[in-house]
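# Structural features, examined
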Amino acid sequence: MKNRCIHTQKVMKEYHYAVMLDYYRKLIIPFLIVYLLIIINFVMRFMKHNIGVLTVFNLVAPVFLAGVLIAKLEKVIQLNQRRMQVMYGKYGCECMVEFNDLILITTENKNQREISYQHILKHIETKNLIILIIEGRMFIPLDKKGFMEGDAESFIKFIDGKIKK
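Residues numbered from 1 in each chain as written. Predicted model: local features only at pLDDT ≥ 70, side-chain atom pairs only at ≥ 80, totals over all residues. Heavy atoms only, no water.

### Some details on the sheet that holds strand S4 (residues 112–115)
Spelled out, the test is: Note on pairing: two strands pair once DSSP finds at least 2 bridges between them. Secondary structure follows DSSP: runs of H or I at least 4 residues long count as helices, runs of E at least 2 residues long count as strands, and numbering of each begins at the N terminus. Note on definitions: angles span 0 to 180 degrees between N-to-C directions of axes, and those axes are lines fitted to C-alpha atoms, for helices only across the stretch in contact.
Strand order in this open sheet of five strands is S4-S3-S2-S1-S8, and the pairing throughout is antiparallel. Lying at the two open borders of the sheet, with one neighbouring strand each, are S4 and strand S8 (147–149). On average, each strand axis in the sheet is inclined to that of its neighbour by 20 degrees, with strand direction left out of account. Of the pairings in the sheet, the one linking strand S2 (residues 93–99) to strand S3 (residues 103–107) comprises five bridges and is antiparallel in character.

### Side note on the environment of Ile38
Heads up, the condition is: We call a residue buried when its accessible area falls under 20% of the maximum for its residue type, exposed when it is over 50%, and partly exposed in between, using a 1.4 Å probe and counting protein chains only. Contacts were defined at the residue level, with two residues in contact if any of their heavy atoms lie within 4.5 Å.
Relative to the assigned elements, Ile38 resides in helix H1 (residues 9–47). The class for Ile38 is buried, based on a relative accessible area of 18%. Sequence separation between Ile38 and Gly146 is 108 residues; the distance between their C-alpha atoms is 45 Å. In contact with Ile38, other than residues within four places in its own chain, are Asn58, Leu59 and Pro62.

### So, the sheet that holds strand S5 (residues 120–125)
In spatial order, the strands read S5-S6-S7; together these three strands make up an open sheet with antiparallel pairing. Looking at the sheet topology across the chains shown, the edges are occupied by S5 and strand S7 (138–143). Neighbouring strand axes in the sheet, compared pairwise and without regard to direction, differ in orientation by 20 degrees on average. Of the strand pairs in this sheet, strand S6 (residues 129–134) and S7 are connected by six bridges, and their pairing is antiparallel. Pairing of Ile130 across the sheet is with Leu142, part of S7. On the sheet, H1 packs against S5, S6 and S7 and is oriented at approximately 50 degrees with respect to S6.

### Points about the pairing of S4
Here S3 pairs with S4 via four bridges, running antiparallel. Looking across to S4, one finds that Ile105 is bridged to Arg113. Turn length for the S3-S4 hairpin, with the two strands adjacent in sequence and antiparallel, is four residues, and the turn residue Lys110 shows positive phi of about 70 degrees.

Pasting the structure below:
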């Protein structure tokens, strides 16, 4: 199988947000429960006219921290775009990924990397991408419409057979 993915700003945003959500997935529900309790506490104190600085801080701090996380992710995306501009002279880098005995990744400037299937932890699907999560918090985005050999559905079956669970 062979896939062609162009790393545009839109593609980078999609895979960075998907990876971040997957990474923090286990924390989202507890975070929402705690935040709901903070809101209930705020409403109860508001009704009693007993709102202190700590109550307001508890309400605002989680929203601020979520904003910081998003801002940091946007900065990472901008940094990656800048790196592409420096390395390739443009903002969209084309990447070819071939799946044979090993995974062969070839970038526009003919740099090649080989990765063994044993390093794949899992895959994530988004609207337009299949993202392979590799050991060391690395990932390989694949465009669902970019398969030159095979297609997205057959690839998912193929890669599920390769991932050790």
